[in-house]
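One-letter residues, chain by chain:
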Amino acid sequence: MTVSATPGLIVARDLDLVAWLDRLVGASVEQIRARFGLGRTQAYRRLQVLQDFGLVRRRHLTATRPPLYTVASRSLRVASCEHAHALTDLVVAIESSGGEIATELELRRERNRQPALVGRLTDRQLATVLGCPRVPDAAELLGSGGLGAFEIELSSKGRARRTAVLASYAISDYESVTWIAPDPQLRVLINREVTERGLAEFMEVRDGI
């Protein structure tokens, strides 16, 4: 679906884009194009309008990744860029296939009693979010009525941390947990720890989305 708008003016679909960005750390123009079905020129035009109105900011913090667009109030660190790209790829993939997904930002807002998912989560799903000590990078709203957690692990942050994360999910009501670990060695490590704790039945470790 594309946007037809008078140059320089905000249209309803622009506000949809801003609301979508507010769920994320940031998104590249290619990710925005994929999510909203925009041509390249059209996407840049709409983003420029949003920048002119102070609703969106363009951040280019690393030479290894394209710039990210964020809502104006969002802080962004260099160390967060790679993870932000990976998370947005996941969100775009699931939403483009007709699925629903809640990001860590949305889940944290729910836990802090700042409802961000009204009408999207069932009572059962909300109870799962509130009842688990761990807030995943994202949670897919499953057709069964439950939630599937996603953990994006781009580098090893230590065995103790992973042990705590695994323990949190072991006592939670998440129906599934998918670890996305592009690094082969890290993938093997997580797989071994998942198996050692008897969690392989509902946990999957894969290299990409």
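Preceding this paragraph is the structure being described.
Quick caveat, the model's predicted, so the values are computed rather than measured. (Residues numbered from 1 in each chain as written. Predicted model: local features only at pLDDT ≥ 70, side-chain atom pairs only at ≥ 80, totals over all residues. Heavy atoms only, no water.)

**A short note on the nonpolar core**
What counts is decided by this rule: Definition used in this section: a nonpolar core is a set of buried Ala, Val, Leu, Ile, Met, Phe, Trp, Tyr and Cys residues joined via side-chain atoms within 4.5 Å. Type-normalised accessible area, obtained with a 1.4 Å probe on protein chains alone, sets the label of each residue: buried when under 20%, exposed when over 50%, and partly exposed for intermediate values. Strands are runs of DSSP state E lasting at least 2 residues, helices are runs of H or I lasting at least 4, and numbering of each runs from the N terminus.
Counting 27 residues, the largest nonpolar core has Trp 20, Leu 21, Ile 32 and Leu 90 as its most contacted members. Among the elements of the structure, α1 (12–21), α2 (29–36), α3 (40–52), β2 (68–71), α4 (78–96) and β5 (147–152) are those that each provide at least two residues to this core. Considering every element that reaches this core, the biggest residue donor is α4, with six residues. In terms of nonpolar packing, the next biggest core, distinct from the first, is built from 24 residues, Leu 147, Ala 181, Ile 190 and Val 194 among them.

**Side note on unusual backbone geometry**
A positive phi is found at Arg 113, a non-glycine position, where the angle reads about 60°. Structurally, the position occupied by Arg 113 is in the loop between α5 (104–111) and α6 (123–131). The exposed category is assigned to Arg 113, whose relative accessible area is 63%.

**So, the packing of α1 against α3**
The line we're drawing: Angular values range over 0 to 180 degrees, each being the angle between N-to-C directions of two axes fitted as lines to C-alpha atoms, with helices fitted over their stretch in contact. Angle categories: roughly parallel below 35 degrees, roughly antiparallel above 145, roughly perpendicular from 65 to 115, and oblique for all the rest. Residue contacts are counted whenever heavy atoms from the two residues lie within 4.5 Å of one another. Charged means Asp, Glu, Lys or Arg here, nonpolar means Ala, Val, Leu, Ile, Met, Phe, Trp, Tyr, Cys or Pro, and polar covers whatever is left, Gly included.
Packing of α1 against α3 brings their axes to within 11 Å, and their N-to-C directions diverge by 80°. Put simply, α1 runs roughly perpendicular to α3. Only Arg 46, Leu 47 and Leu 50 of α3 make contact with α1, whose side of the interface consists of Asp 14, Leu 17 and Val 18. In terms of residue class, the contact of α1 with α3 is made up of four nonpolar, no polar and two charged.

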